[in-house]
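A structural walkthrough
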Amino acid sequence: MMRTRPLKVALLGCGNVGSEVARIMTTQADDLTARIGAPVELAGVAVRRPALVREGIDPALITTDATALVKRGDIDVVIEVIGGIEPARSLITAALEHGASVVSANKALIAQDGAALHAAAEQQGRDLYYEAAVAGAIPLIRPLRESMAGDVVNRVLGIVNGTTNFILDKMDTTGAGYQEALDEATALGYAEADPTADIEGFDAAAKAAILAGIAFHTRVRLDDVYREGMTEVTAADFASAREMGCTIKLLAICERAADGESVTARVHPAMIPRSHPLASVREAYNAVFVESEAAGQLMFYGRGAGGSPTASAVLGDLVAVCRNRLGEATGPGESAYSRLPVSPMGDVVTRYHISLDVADKPGVLAQVATVFAEHDVSIDTVRQQSRPDGAAGADGASDASLVVVTHRASDAALTGTVAALRDLDTVRGVASMMRVEGE
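Source: prediction; values computed, not measured.

The end-to-end C-alpha distance of helix H1 (residues 16-27), which contains twelve residues, comes to 17 Å, matching closely the 16 Å that a straight helix rising 1.5 Å per residue would cover. Looking only at H1, the buried set comprises Val-17, Gly-18, Glu-20, Val-21, Ala-22, Ile-24 and Met-25. Against the buried residues of H1 lie strand E1 (7-12), helix H2 (29-36), strand E2 (40-46), strand E4 (77-80) and helix H12 (307-326).

In C-alpha coordinates:
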(Lines give C-alpha, C1' and ligand atoms only; values in the text may rest on other atoms or scores of the structure.)
Protein backbone atom coordinates (compact mmCIF):
# COMPACT_ATOMS: atom_id res chain seq x y z
CA MET A 1 0.00 0.00 0.00
CA MET A 2 1.29 3.45 -0.94
CA ARG A 3 1.37 5.92 1.92
CA THR A 4 0.05 9.31 0.90
CA ARG A 5 1.60 11.48 3.63
CA PRO A 6 5.02 12.51 2.37
CA LEU A 7 8.22 11.90 4.23
CA LYS A 8 9.77 15.28 4.96
CA VAL A 9 13.42 15.89 4.17
CA ALA A 10 15.63 18.73 5.39
CA LEU A 11 18.75 19.55 3.37
CA LEU A 12 21.77 21.11 5.09
CA GLY A 13 23.96 22.70 2.43
CA CYS A 14 23.20 23.57 -1.17
CA GLY A 15 26.53 23.63 -2.96
CA ASN A 16 27.49 21.30 -5.82
CA VAL A 17 26.25 18.20 -4.01
CA GLY A 18 23.27 19.71 -2.21
CA SER A 19 21.89 21.43 -5.29
CA GLU A 20 22.17 18.17 -7.26
CA VAL A 21 20.37 16.27 -4.47
CA ALA A 22 17.55 18.83 -4.57
CA ARG A 23 17.37 18.65 -8.37
CA ILE A 24 17.11 14.85 -8.41
CA MET A 25 14.50 14.86 -5.65
CA THR A 26 12.41 17.18 -7.82
CA THR A 27 12.93 15.71 -11.29
CA GLN A 28 12.72 12.08 -10.18
CA ALA A 29 10.00 12.52 -7.57
CA ASP A 30 7.69 9.90 -9.08
CA ASP A 31 10.46 7.29 -9.31
CA LEU A 32 11.55 7.97 -5.73
CA THR A 33 7.97 7.61 -4.56
CA ALA A 34 7.66 4.25 -6.31
CA ARG A 35 10.95 2.99 -4.88
CA ILE A 36 10.26 4.14 -1.34
CA GLY A 37 6.54 3.47 -1.08
CA ALA A 38 5.70 7.06 -0.12
CA PRO A 39 6.38 10.50 -1.56
CA VAL A 40 9.33 12.52 -0.26
CA GLU A 41 9.05 16.25 0.22
CA LEU A 42 11.88 18.75 0.49
CA ALA A 43 10.75 20.64 3.59
CA GLY A 44 13.64 23.07 4.03
CA VAL A 45 17.11 23.94 2.80
CA ALA A 46 19.66 25.51 5.17
CA VAL A 47 22.30 27.72 3.53
CA ARG A 48 24.79 30.39 4.54
CA ARG A 49 24.09 32.79 1.66
CA PRO A 50 20.34 33.01 1.10
CA ALA A 51 20.62 35.72 -1.57
CA LEU A 52 22.11 33.30 -4.13
CA VAL A 53 19.70 32.15 -6.81
CA ARG A 54 19.21 28.39 -6.61
CA GLU A 55 17.47 27.15 -9.73
CA GLY A 56 14.64 24.71 -9.13
CA ILE A 57 14.37 25.34 -5.38
CA ASP A 58 11.39 27.21 -3.96
CA PRO A 59 12.83 30.34 -2.26
CA ALA A 60 10.34 29.80 0.57
CA LEU A 61 12.29 26.68 1.57
CA ILE A 62 15.56 28.56 2.05
CA THR A 63 16.67 29.34 5.60
CA THR A 64 19.85 30.37 7.37
CA ASP A 65 18.70 28.84 10.66
CA ALA A 66 19.85 25.26 10.28
CA THR A 67 19.35 24.53 13.98
CA ALA A 68 15.69 25.51 13.90
CA LEU A 69 15.20 23.43 10.75
CA VAL A 70 16.54 20.18 12.24
CA LYS A 71 14.62 20.74 15.49
CA ARG A 72 11.23 21.21 13.86
CA GLY A 73 10.04 17.79 14.97
CA ASP A 74 8.19 16.95 11.73
CA ILE A 75 11.37 16.19 9.74
CA ASP A 76 11.82 12.52 8.88
CA VAL A 77 15.29 12.67 7.31
CA VAL A 78 18.08 15.25 7.48
CA ILE A 79 20.64 15.24 4.66
CA GLU A 80 23.94 16.85 5.71
CA VAL A 81 26.29 17.93 2.93
CA ILE A 82 27.95 20.98 4.49
CA GLY A 83 31.15 19.17 5.51
CA GLY A 84 33.59 19.93 8.31
CA ILE A 85 33.27 19.15 11.99
CA GLU A 86 31.17 22.04 13.28
CA PRO A 87 28.38 22.97 12.97
CA ALA A 88 27.74 19.63 11.22
CA ARG A 89 28.26 17.57 14.39
CA SER A 90 25.88 19.67 16.48
CA LEU A 91 23.27 19.73 13.73
CA ILE A 92 23.36 15.96 13.21
CA THR A 93 23.12 15.37 16.96
CA ALA A 94 20.16 17.75 17.24
CA ALA A 95 18.45 16.11 14.26
CA LEU A 96 18.72 12.67 15.85
CA GLU A 97 17.50 13.96 19.21
CA HIS A 98 14.43 15.46 17.51
CA GLY A 99 13.43 12.25 15.75
CA ALA A 100 15.06 12.51 12.33
CA SER A 101 17.28 9.94 10.68
CA VAL A 102 20.44 11.29 9.05
CA VAL A 103 22.17 10.85 5.70
CA SER A 104 25.64 12.43 5.57
CA ALA A 105 28.49 12.81 3.09
CA ASN A 106 30.85 14.08 5.79
CA LYS A 107 33.93 11.86 5.82
CA ALA A 108 35.93 14.01 8.25
CA LEU A 109 33.16 14.02 10.85
CA ILE A 110 32.37 10.30 10.54
CA ALA A 111 36.07 9.42 10.79
CA GLN A 112 36.52 11.56 13.89
CA ASP A 113 33.23 11.18 15.76
CA GLY A 114 31.42 8.28 14.10
CA ALA A 115 31.20 6.26 17.33
CA ALA A 116 29.44 9.06 19.23
CA LEU A 117 27.05 9.76 16.34
CA HIS A 118 26.21 6.07 15.97
CA ALA A 119 25.52 5.90 19.70
CA ALA A 120 23.17 8.89 19.44
CA ALA A 121 21.35 7.31 16.48
CA GLU A 122 20.97 4.00 18.32
CA GLN A 123 19.67 5.72 21.44
CA GLN A 124 17.00 7.49 19.41
CA GLY A 125 16.17 4.47 17.25
CA ARG A 126 17.16 6.29 14.08
CA ASP A 127 19.46 5.66 11.12
CA LEU A 128 22.85 7.19 10.34
CA TYR A 129 23.91 6.44 6.75
CA TYR A 130 26.98 7.83 4.92
CA GLU A 131 27.67 5.94 1.69
CA ALA A 132 28.67 9.23 0.05
CA ALA A 133 31.46 9.82 2.58
CA VAL A 134 33.78 7.36 0.80
CA ALA A 135 34.40 7.07 -2.95
CA GLY A 136 31.43 9.13 -4.15
CA ALA A 137 29.09 7.17 -6.40
CA ILE A 138 30.87 3.83 -5.88
CA PRO A 139 28.71 1.48 -3.77
CA LEU A 140 31.25 0.46 -1.16
CA ILE A 141 30.10 1.00 2.42
CA ARG A 142 26.84 -0.91 1.99
CA PRO A 143 28.52 -3.95 0.36
CA LEU A 144 31.10 -4.05 3.16
CA ARG A 145 28.53 -3.52 5.90
CA GLU A 146 25.70 -5.67 4.53
CA SER A 147 26.60 -7.85 1.54
CA MET A 148 29.82 -9.08 3.18
CA ALA A 149 28.43 -9.27 6.71
CA GLY A 150 28.93 -13.05 6.72
CA ASP A 151 32.50 -12.91 5.41
CA VAL A 152 35.89 -12.04 6.94
CA VAL A 153 37.62 -9.10 5.23
CA ASN A 154 41.40 -9.23 5.50
CA ARG A 155 42.49 -6.28 3.37
CA VAL A 156 41.14 -3.16 1.73
CA LEU A 157 43.46 -1.46 -0.75
CA GLY A 158 42.22 1.56 -2.62
CA ILE A 159 42.58 4.76 -4.58
CA VAL A 160 40.06 6.96 -2.80
CA ASN A 161 41.04 10.47 -3.90
CA GLY A 162 40.52 11.53 -7.50
CA THR A 163 42.73 14.62 -7.34
CA THR A 164 45.83 12.71 -6.32
CA ASN A 165 45.17 9.95 -8.82
CA PHE A 166 44.86 12.51 -11.61
CA ILE A 167 48.20 14.08 -10.67
CA LEU A 168 50.07 10.80 -10.38
CA ASP A 169 48.49 9.47 -13.57
CA LYS A 170 49.71 12.53 -15.50
CA MET A 171 53.21 12.17 -14.05
CA ASP A 172 53.23 8.54 -15.15
CA THR A 173 51.71 8.83 -18.63
CA THR A 174 53.09 12.20 -19.79
CA GLY A 175 56.32 12.54 -17.83
CA ALA A 176 55.07 15.75 -16.22
CA GLY A 177 56.63 16.95 -12.99
CA TYR A 178 54.62 17.14 -9.80
CA GLN A 179 53.94 20.89 -9.96
CA GLU A 180 53.03 20.76 -13.64
CA ALA A 181 50.53 17.97 -13.02
CA LEU A 182 49.08 19.80 -10.02
CA ASP A 183 48.65 22.96 -12.09
CA GLU A 184 46.73 21.00 -14.72
CA ALA A 185 44.52 19.41 -12.06
CA THR A 186 43.76 22.87 -10.67
CA ALA A 187 42.97 24.31 -14.10
CA LEU A 188 40.53 21.45 -14.79
CA GLY A 189 38.82 21.85 -11.43
CA TYR A 190 40.03 18.56 -9.96
CA ALA A 191 42.19 20.30 -7.36
CA GLU A 192 41.02 23.00 -4.96
CA ALA A 193 42.78 26.34 -4.73
CA ASP A 194 44.27 24.94 -1.52
CA PRO A 195 44.87 21.25 -2.34
CA THR A 196 46.43 20.37 1.02
CA ALA A 197 43.66 18.01 2.16
CA ASP A 198 44.12 15.95 -1.00
CA ILE A 199 47.84 15.95 -1.70
CA GLU A 200 48.86 15.52 1.94
CA GLY A 201 46.54 12.55 2.33
CA PHE A 202 44.11 13.97 4.90
CA ASP A 203 41.07 13.26 2.73
CA ALA A 204 42.17 9.69 2.02
CA ALA A 205 43.04 9.11 5.70
CA ALA A 206 39.50 9.97 6.80
CA LYS A 207 38.13 7.51 4.26
CA ALA A 208 40.61 4.85 5.36
CA ALA A 209 39.42 5.20 8.97
CA ILE A 210 35.81 4.66 7.89
CA LEU A 211 36.64 1.69 5.67
CA ALA A 212 38.79 0.00 8.31
CA GLY A 213 36.11 0.38 10.96
CA ILE A 214 33.44 -1.18 8.77
CA ALA A 215 35.63 -3.89 7.23
CA PHE A 216 37.08 -5.12 10.52
CA HIS A 217 34.12 -4.43 12.85
CA THR A 218 36.26 -2.32 15.14
CA ARG A 219 36.61 1.37 15.95
CA VAL A 220 39.26 3.14 13.91
CA ARG A 221 39.56 6.89 14.33
CA LEU A 222 41.27 9.36 12.04
CA ASP A 223 44.13 9.66 14.54
CA ASP A 224 44.77 5.92 14.16
CA VAL A 225 45.60 6.24 10.46
CA TYR A 226 49.23 6.66 9.43
CA ARG A 227 49.48 9.32 6.72
CA GLU A 228 52.06 10.49 4.20
CA GLY A 229 51.45 12.99 1.42
CA MET A 230 52.69 12.75 -2.16
CA THR A 231 54.48 16.07 -2.63
CA GLU A 232 57.89 14.36 -2.61
CA VAL A 233 57.10 11.98 -5.47
CA THR A 234 59.38 12.77 -8.41
CA ALA A 235 59.85 11.89 -12.06
CA ALA A 236 62.86 9.83 -10.95
CA ASP A 237 60.57 7.75 -8.74
CA PHE A 238 58.35 7.01 -11.73
CA ALA A 239 61.40 6.08 -13.80
CA SER A 240 62.45 3.60 -11.12
CA ALA A 241 58.91 2.26 -10.90
CA ARG A 242 58.81 1.68 -14.65
CA GLU A 243 62.05 -0.30 -14.47
CA MET A 244 60.34 -2.56 -11.92
CA GLY A 245 57.19 -2.91 -14.02
CA CYS A 246 55.29 -0.70 -11.56
CA THR A 247 53.51 2.62 -11.31
CA ILE A 248 52.88 4.87 -8.31
CA LYS A 249 49.53 5.51 -6.61
CA LEU A 250 48.47 7.19 -3.38
CA LEU A 251 46.86 4.27 -1.58
CA ALA A 252 44.62 3.83 1.42
CA ILE A 253 45.49 0.44 2.92
CA CYS A 254 43.55 -1.24 5.73
CA GLU A 255 44.79 -4.66 6.86
CA ARG A 256 43.98 -7.32 9.41
CA ALA A 257 47.12 -8.79 11.01
CA ALA A 258 48.05 -12.33 10.02
CA ASP A 259 47.08 -13.59 13.49
CA GLY A 260 43.78 -11.68 13.32
CA GLU A 261 44.48 -9.93 16.62
CA SER A 262 45.01 -6.36 15.36
CA VAL A 263 44.51 -4.08 12.36
CA THR A 264 46.40 -1.29 10.63
CA ALA A 265 45.26 1.66 8.53
CA ARG A 266 47.58 3.83 6.47
CA VAL A 267 47.74 6.25 3.54
CA HIS A 268 50.91 6.88 1.52
CA PRO A 269 52.33 6.76 -2.02
CA ALA A 270 53.35 3.27 -3.10
CA MET A 271 54.64 1.42 -6.11
CA ILE A 272 52.25 -1.25 -7.41
CA PRO A 273 52.79 -3.72 -10.28
CA ARG A 274 51.22 -2.68 -13.57
CA SER A 275 49.54 -6.07 -13.59
CA HIS A 276 47.49 -5.11 -10.51
CA PRO A 277 43.93 -3.90 -11.28
CA LEU A 278 44.52 -0.63 -9.40
CA ALA A 279 47.44 0.27 -11.67
CA SER A 280 45.08 0.84 -14.60
CA VAL A 281 42.85 3.33 -12.74
CA ARG A 282 43.26 6.54 -14.73
CA GLU A 283 42.49 10.24 -14.43
CA ALA A 284 40.33 11.24 -11.42
CA TYR A 285 38.66 7.86 -10.96
CA ASN A 286 38.60 5.89 -7.71
CA ALA A 287 38.85 2.15 -7.15
CA VAL A 288 38.91 -0.06 -4.06
CA PHE A 289 40.25 -3.62 -3.98
CA VAL A 290 38.83 -5.86 -1.23
CA GLU A 291 40.29 -9.21 -0.19
CA SER A 292 38.14 -11.53 1.95
CA GLU A 293 38.24 -15.16 2.98
CA ALA A 294 35.05 -16.38 1.27
CA ALA A 295 34.45 -13.93 -1.59
CA GLY A 296 38.12 -13.67 -2.50
CA GLN A 297 39.13 -10.56 -4.42
CA LEU A 298 36.58 -7.89 -5.32
CA MET A 299 37.08 -4.53 -6.98
CA PHE A 300 34.81 -1.48 -6.87
CA TYR A 301 35.45 1.20 -9.51
CA GLY A 302 33.92 4.50 -10.56
CA ARG A 303 33.81 8.26 -10.16
CA GLY A 304 34.78 9.17 -6.64
CA ALA A 305 33.85 12.85 -6.45
CA GLY A 306 31.71 15.59 -7.97
CA GLY A 307 28.19 16.81 -7.47
CA SER A 308 26.32 14.18 -9.46
CA PRO A 309 28.24 11.06 -8.31
CA THR A 310 28.08 12.08 -4.65
CA ALA A 311 24.41 13.00 -4.96
CA SER A 312 23.76 9.52 -6.38
CA ALA A 313 25.16 7.95 -3.21
CA VAL A 314 23.19 10.38 -1.01
CA LEU A 315 19.94 9.54 -2.78
CA GLY A 316 20.63 5.82 -2.45
CA ASP A 317 20.93 6.29 1.30
CA LEU A 318 17.82 8.47 1.33
CA VAL A 319 15.76 5.67 -0.27
CA ALA A 320 17.07 3.11 2.24
CA VAL A 321 16.46 5.35 5.25
CA CYS A 322 12.96 6.30 4.10
CA ARG A 323 12.06 2.63 3.61
CA ASN A 324 13.22 1.99 7.17
CA ARG A 325 11.04 4.83 8.43
CA LEU A 326 8.00 3.36 6.72
CA GLY A 327 8.75 -0.06 8.19
CA GLU A 328 9.42 1.43 11.62
CA ALA A 329 12.83 -0.19 11.59
CA THR A 330 16.48 0.81 11.38
CA GLY A 331 19.29 -0.45 9.21
CA PRO A 332 22.72 -1.65 10.35
CA GLY A 333 24.34 0.60 12.93
CA GLU A 334 27.93 0.66 14.07
CA SER A 335 29.47 -2.80 14.16
CA ALA A 336 32.48 -2.57 16.47
CA TYR A 337 32.14 -5.82 18.37
CA SER A 338 35.67 -6.99 17.50
CA ARG A 339 37.36 -4.19 19.47
CA LEU A 340 40.66 -4.97 17.78
CA PRO A 341 43.60 -2.72 18.61
CA VAL A 342 45.08 -0.57 15.85
CA SER A 343 48.78 -1.38 15.55
CA PRO A 344 51.37 1.36 14.91
CA MET A 345 52.93 1.86 11.50
CA GLY A 346 56.14 0.24 12.70
CA ASP A 347 54.38 -3.14 12.78
CA VAL A 348 53.39 -2.97 9.09
CA VAL A 349 55.26 -5.49 6.93
CA THR A 350 55.81 -4.84 3.23
CA ARG A 351 58.55 -4.42 0.59
CA TYR A 352 60.52 -1.21 0.02
CA HIS A 353 62.28 0.65 -2.77
CA ILE A 354 65.14 2.84 -1.53
CA SER A 355 67.17 5.18 -3.74
CA LEU A 356 70.51 6.36 -2.35
CA ASP A 357 73.06 8.89 -3.56
CA VAL A 358 76.43 7.36 -2.69
CA ALA A 359 80.13 7.85 -3.29
CA ASP A 360 81.23 5.92 -6.38
CA LYS A 361 84.13 3.97 -4.93
CA PRO A 362 84.95 0.41 -3.84
CA GLY A 363 83.37 -0.94 -0.68
CA VAL A 364 80.25 1.24 -0.67
CA LEU A 365 77.88 -1.55 -1.62
CA ALA A 366 79.31 -3.77 1.12
CA GLN A 367 78.80 -1.03 3.72
CA VAL A 368 75.20 -0.49 2.62
CA ALA A 369 74.47 -4.22 2.61
CA THR A 370 75.89 -4.52 6.13
CA VAL A 371 73.50 -1.85 7.41
CA PHE A 372 70.53 -3.70 5.93
CA ALA A 373 71.70 -6.97 7.48
CA GLU A 374 72.21 -5.38 10.89
CA HIS A 375 68.57 -4.25 10.88
CA ASP A 376 67.28 -7.64 9.69
CA VAL A 377 66.12 -6.30 6.32
CA SER A 378 66.79 -8.72 3.47
CA ILE A 379 67.80 -7.28 0.09
CA ASP A 380 66.08 -8.57 -3.04
CA THR A 381 67.79 -6.58 -5.81
CA VAL A 382 70.46 -3.87 -6.08
CA ARG A 383 71.19 -1.58 -9.01
CA GLN A 384 74.10 0.90 -9.09
CA GLN A 385 74.71 3.49 -11.75
CA SER A 386 77.49 6.06 -11.93
CA ARG A 387 76.73 9.71 -12.55
CA PRO A 388 79.44 11.12 -14.79
CA ASP A 389 78.29 14.68 -14.15
CA GLY A 390 77.97 14.18 -10.40
CA ALA A 391 79.94 16.50 -8.15
CA ALA A 392 82.72 14.93 -6.10
CA GLY A 393 82.30 14.67 -2.35
CA ALA A 394 84.78 15.63 0.34
CA ASP A 395 86.53 12.30 -0.16
CA GLY A 396 87.08 13.06 -3.84
CA ALA A 397 84.74 10.33 -5.06
CA SER A 398 82.04 11.17 -7.57
CA ASP A 399 78.41 10.34 -6.90
CA ALA A 400 76.51 7.26 -7.97
CA SER A 401 72.89 6.20 -7.67
CA LEU A 402 72.22 3.02 -5.69
CA VAL A 403 68.72 1.53 -5.79
CA VAL A 404 67.84 -1.23 -3.32
CA VAL A 405 64.60 -3.24 -3.36
CA THR A 406 63.99 -5.30 -0.24
CA HIS A 407 62.08 -8.40 0.66
CA ARG A 408 59.23 -7.98 3.13
CA ALA A 409 60.25 -6.30 6.38
CA SER A 410 58.65 -4.30 9.15
CA ASP A 411 58.35 -0.56 8.76
CA ALA A 412 60.21 -0.10 12.04
CA ALA A 413 63.15 -2.13 10.73
CA LEU A 414 63.23 -0.17 7.50
CA THR A 415 63.06 3.16 9.34
CA GLY A 416 66.02 2.15 11.45
CA THR A 417 67.89 1.05 8.34
CA VAL A 418 67.37 4.38 6.59
CA ALA A 419 68.48 6.31 9.69
CA ALA A 420 71.69 4.27 9.86
CA LEU A 421 72.33 4.71 6.13
CA ARG A 422 72.18 8.49 6.55
CA ASP A 423 75.02 8.22 9.07
CA LEU A 424 77.38 6.54 6.60
CA ASP A 425 80.09 8.86 5.25
CA THR A 426 79.77 7.23 1.85
CA VAL A 427 76.03 7.93 1.60
CA ARG A 428 75.43 11.45 0.28
CA GLY A 429 71.70 11.20 0.92
CA VAL A 430 68.55 9.10 0.77
CA ALA A 431 66.88 10.34 -2.41
CA SER A 432 63.63 8.47 -1.82
CA MET A 433 62.03 5.62 0.09
CA MET A 434 58.81 4.12 -1.19
CA ARG A 435 56.79 1.09 -0.21
CA VAL A 436 55.95 -1.61 -2.77
CA GLU A 437 52.38 -2.92 -2.46
CA GLY A 438 49.86 -5.06 -4.27
CA GLU A 439 52.05 -8.07 -5.04
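Here we come to the pairing of strand E13 (residues 349-359). Of all eleven residues making up E13, ten are buried, and the element is well covered by its neighbours. Alignment of E13 against strand E16 (residues 409-410), held across two bridges, turns out to be antiparallel. Of the residues in E16, the one forming a bridge with Thr-350 is Ala-409. Across eight bridges, E13 lies against strand E17 (residues 427-436) in antiparallel orientation. Residue pairing across strands places Asp-357 opposite Gly-429, the latter belonging to E17.

Moving on to the environment of Ala-241. Relative to the helices and strands, Ala-241 is located in helix H11 (residues 235-243). You can call Ala-241 buried: its relative accessible area is 0%. Considering only alpha carbons, one finds Ala-241 and Asn-106, 135 residues apart in sequence, at a separation of 35 Å. The residues touching Ala-241, leaving out its near neighbours within four places in the chain, are Cys-246, Thr-247, Ile-248 and Met-271.

The next subject is the environment of Val-267. Mapped onto the elements, Val-267 comes out in strand E10 (residues 263-273). Between the C-alpha atom of Val-267 and that of Ala-197, which follows or precedes it by 70 residues, the distance is 13 Å. Dropping the residues within four chain positions of it, Val-267 is found in contact with Gly-201, Ala-204, Ala-205, Ala-208, Val-225, Tyr-226, Arg-227, Glu-228, Leu-250, Leu-251 and Ala-252.

Turning our attention to the packing of helix H7 (residues 162-174) against H11. Each packed pair of helices is defined by two parameters, the angle between the axes and the distance between the axes. Their axes nearest at 10 Å, the elements H7 and H11 cross at an angle of 65°. In terms of orientation, H7 lies roughly perpendicular with respect to H11. In this structure, the crossing between H7 and H11 has a hand that is right-handed. When H7 is examined against H11, the residues Leu-168, Met-171 and Asp-172 are found in contact with a partner set consisting of Ala-235, Phe-238 and Arg-242.

One full turn of an α-helix is made of 3.6 residues, so residues set three or four places apart face in the same direction. With 13 residues, H7 should cover 18 Å at 1.5 Å per step; its first-to-last C-alpha distance of 18 Å lies within 8% of that length. The element H7 is largely enclosed, with a buried count of eleven among its 13 residues. Considered for burial, the residues of H7 that qualify are Gly-162, Thr-163, Thr-164, Asn-165, Phe-166, Ile-167, Leu-168, Asp-169, Lys-170, Met-171 and Asp-172. Close packing links the buried residues of H7 with strand E7 (153-159), helix H8 (178-187), helix H9 (196-199), H11, strand E9 (246-256) and strand E11 (285-292). The backbone nitrogen of Thr-163 has a side-chain oxygen 3.1 Å away, supplied by the residue at the start of H7, namely Asn-161.

Calculation criteria
- Residues numbered from 1 in each chain as written.
- Predicted model: local features only at pLDDT ≥ 70, side-chain atom pairs only at ≥ 80, totals over all residues.
- Heavy atoms only, no water.
- Helix = DSSP H or I, 4+ residues; strand = E, 2+ residues; numbered from the N terminus.
- Expected span 1.5 Å × (residues − 1).
- Buried < 20%, exposed > 50% of the residue type's maximum accessible area, 1.4 Å probe, protein only.
- Contact = heavy atoms within 4.5 Å.
- Pairing = 2+ DSSP bridges.
- Axes fitted to C-alpha atoms, helices over the stretch in contact; angles between N-to-C directions.
- Parallel < 35°, antiparallel > 145°, perpendicular 65-115°, else oblique.
- Left-handed = near helix turned anticlockwise from the far one by under 90°.
- Polar contact = N/O pair within 3.5 Å; in protein donor to acceptor, adjacent residues only side chain to side chain.

So yeah, pure geometry; function would need other evidence.
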